[in-house]
Amino acid sequence: MKKLLLILTVIVISLTSSTTGEDIILMSGSLDFFNKSKSVYIEFDMSKTSIDALSSETAFVDYRIKKEKEDKNGKPETEVRANWEKDKKYIINNYLIVINKLLDDYPVAFNNDNLKSDYKMVIVPSHWETGNPVKYSSVKYKLIVTETATGNAVAVINVPTFNGGQMGPMTPTVGMRIALANTYSILGLKKFLKKSFKK
């Protein structure tokens, strides 16, 4: 699994990021924590996430279950739910690998297993597109960073829509397609930080 994630990462690093043209914006706070030798615990908050044309993660999963039930050769509900959890785990694990790899110019280190880290970054997806043979996957986020010891706000960063890929041989699963869009969004963050720290 790690080998596959890293292969995908290496392929994507060689490409140019794709976005709707909107800029990443620091909505409040400071980006200085990126320049500190500190640890950052990351977690995803899916409570406000719309997926494709559905208003929530629950609605998305329910829709997929319904479509499978309408197909006489469709997958059982337990398999649909398990596949989505597998995709989601892939997306989250890939995000952690890629953000540490692409932001290795900065001393900050990200993890998803140390609640006692110096900072906490909540990744709030407002929308995910899962992608299909004719439509690209995409992601849109808000990053909310707080200091663990005090709970004080450190930064709120708005990450606009970044496109990923269509369904194909290199990205056959929903998890891979959204992970690809995530990688582009992190490349966008990397460029944003480089530009911001030059000022």
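Here's what I pulled together on the structure shown here. (Residues numbered from 1 in each chain as written. Predicted model: local features only at pLDDT ≥ 70, side-chain atom pairs only at ≥ 80, totals over all residues. Heavy atoms only, no water.)

1. Digging into the overall build of the protein chain
And step 1. Across its full length, the protein chain carries 4 helices and 7 strands.
And step 2. Reading the protein chain from its N end, one meets helices and strands in the order α-β-β-β-α-α-β-β-β-β-α.
And step 3. Across the 199 residues in the protein chain, those meeting the buried criterion constitute 44%.
And step 4. Taking the contacts inside the protein chain whose residues are at least 6 apart along the sequence as the reference set, 70% of them involve residues at least 24 apart.
And step 5. By element, 54% of the accessible surface of the protein chain is carried by carbon and sulfur atoms, the whole surface being about 10700 Å². (Helix = DSSP H or I, 4+ residues; strand = E, 2+ residues; numbered from the N terminus. Buried < 20%, exposed > 50% of the residue type's maximum accessible area, 1.4 Å probe, protein only. Contact = heavy atoms within 4.5 Å. Areas by Shrake-Rupley, 256 points an atom, 1.4 Å probe, with all protein chains shown as cover.)

2. Topic: the packing of helix α2 (residues 57–70) against helix α3 (residues 77–102)
And step 1. Packing of α2 against α3 brings their axes to within 9 Å, and their N-to-C directions diverge by 135°. Classed by the angle they form, the pair α2 and α3 counts as oblique. The hand of the α2/α3 crossing is right-handed. Residues E57, F60, V61, D62, R64, I65, E68 and K69 of α2 form the contact with α3, whose participating residues are E77, V80, R81, W84, E85, D87 and K88.
And step 2. Partitioning the contact of α2 with α3 into residue classes produces 5 nonpolar, no polar and 10 charged. (Axes fitted to C-alpha atoms, helices over the stretch in contact; angles between N-to-C directions. Parallel < 35°, antiparallel > 145°, perpendicular 65-115°, else oblique. Left-handed = near helix turned anticlockwise from the far one by under 90°. Nonpolar A, V, L, I, M, F, W, Y, C, P; charged D, E, K, R; others polar.)

3. Details of unusual backbone geometry
And step 1. Residues other than glycine seldom take positive phi values, yet D52 does so here, at roughly 55°.
And step 2. Of note, D52 is situated in the loop between β3 (50–51) and α2.

4. What about the packing of α3 against helix α4 (residues 174–198)?
Packed helix pairs are specified by the crossing angle of their axes together with the interaxial distance, meaning the distance between the axes.
And step 1. It is at 9 Å that the axes of α3 and α4 come closest, and there the two elements cross at 25°. Here α3 is positioned roughly parallel relative to α4, judged by the angle of their axes. Here the hand of the crossing between α3 and α4 comes out right-handed. From α3, W84, D87, Y90, I91, N94, Y95, V98, I99 and L102 reach across to α4, where they touch V174, G175, M176, I178, A179, N182, T183, I186, L187 and K190.
And step 2. Grouping the constituent residues of the contact of α3 with α4 by class yields 13 nonpolar, 4 polar and 2 charged.

5. Regarding the environment of E68
And step 1. In this structure, E68 sits in helix α2.
And step 2. Among residues more than four places away in sequence, those in contact with E68 are G74, K75 and V80.

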